[in-house]
Amino acid sequence: AKSEDSHGARARGHRIQKSTTRTIMNAMATTINLRAAPVRLAGKATVRRSATLRRPAGRVVAKAAPGSSEPAKSESSVEAGRLTLLATVASNPVLFGAQEAFAKGGEFGIFEGRTMALIHPLFLGGLWFATVYAGYLGLQWRKVRTVGEEISELKKEIPAAVPAAVTANGEVDAAAAPSMTAAQVETKKKIDELTAERKELIAGNYKEKHNNWGSLLLAFGVTLAVEGGMNTYLRTGKLFPGPHLYAGMAITCLWAMAAGLVPEMQRGNQKARDLHIALNCVNLALFTWQIPTGLEIVGKVFQFTSWP
């Protein structure tokens, strides 16, 4: 008995599924027919030029008796019902595909609004200042290295016995170093000044700061570059090739190239260091040149979008 009940339940389920499928298919067919059906409004006939909706052969159409207004009222009601059903079903993206539902025009909500559109210019403006500051930190760290190299070269000009003549206060005892010339004394003073400057630079921890700001610039810069193009496409349905877009692509590539040189720089490759600085200088120049075109786009955002 349980087996028969289970078999009966499955059979009923299959019938319900088939009935539902037929209902959906009939609704789709009816809707397609309604979209192309002749519509009569306000006494004017508008007939679509579709050959698929010709009156089927053998269809019997009741003719109204002369002077009767009932058929006209009935036809008007039928046409109004068709329009209502058409409007209801046409709004369903399941029946007519997702392509129309996901086109631009408000379907993405806040992602097409002014708030999301202003994220790119607002944060990129901050990244411009971050680029300048990261460059300053990098030059300060480079100065730590160059000052150390300069101190090493100056020490070669002073005899080996001279450092022993330096007092505990850091002053040169001329009496203890009779062989030291006036030029060598000046060189020793310069070494002391550079040594003190280098200590201050090292205390500034510029290397770690430069690495941190460079990583932040790379991460947020690439992300916001992609976000800007995506937001434009969501709002307008296309991209706009031009100076701003091309400069942004070049800047993103320069960020990646400059970051790719870091391992060689850490190994002491001077050419990699010089190229790193050159790439970032070009990057900053492009970034600055891009500002006017970016402000022009911001103006268009305020013109063609609304909050939020």
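Remember, predicted model here, so these are calculated numbers, not experimental data. Per chain, residues are indexed from 1 in the order of the written sequence. Under the rules for a predicted model, residues below a pLDDT of 70 receive no local features and side-chain atom pairs below 80 are neither given nor counted, while totals for whole chains, interfaces and linings still include all residues. Values reported for side chains reflect all heavy atoms of the structure, with hydrogen atoms and water molecules removed beforehand.

Thoughts on the confidence of the model for the protein
Close inspection of predicted coordinates is inappropriate in any region flagged by low pLDDT. Each residue carries a pLDDT score, the predictor's own confidence in it, on a scale running from 0 to 100. Looking at the protein, pLDDT values average 74 and 57% of them are 70 or higher. Starting at the N terminus, helices and strands are each numbered in turn, a helix being any DSSP run of H or I of at least four residues and a strand any DSSP run of E of at least two. Ranking the elements of the protein by mean pLDDT puts helix α4 (residues 98-101) last with 35 and helix α9 (residues 243-260) first with 94. Low pLDDT, under 50, characterises residues 89-103; the predicted model gives this stretch twelve contacts beyond four residues in sequence or across chains. Whether two residues are in contact is decided by their heavy atoms, any of which lying within 4.5 Å being enough.

Here's the deal with the nonpolar core
What is meant by a nonpolar core is a set of buried Ala, Val, Leu, Ile, Met, Phe, Trp, Tyr and Cys residues, joined one to another through side-chain atoms within 4.5 Å. For every residue, the accessible area (1.4 Å probe, protein chains only) is compared with the maximum for its type, and the residue is labelled buried under 20%, exposed over 50%, or partly exposed between those bounds. Core analysis: the biggest nonpolar cluster contains eight residues, these being Leu124, Leu127, Ala130, Leu217, Leu224, Ile251, Trp255 and Phe287. At the level of secondary structure, the elements contributing two or more residues to this core comprise α6 (119-155), α8 (206-236) and α9. Top element by residues in this core is α6. It accounts for three residues. Each residue touching tryptophan 255, except ones within four places of it in the same chain, is listed here: Leu217, Leu218, Gly221, Val222, Asn283 and Phe287.

Notes on the environment of tryptophan 255
Position of tryptophan 255 relative to the elements: it lies in helix α9. Of the residues examined, tryptophan 255 reaches a relative accessible area of 6% and is grouped as buried. Each C-alpha atom of the pair tryptophan 255 and valine 222 lies 8.1 Å from the other, and the pair is 33 residues apart in sequence.

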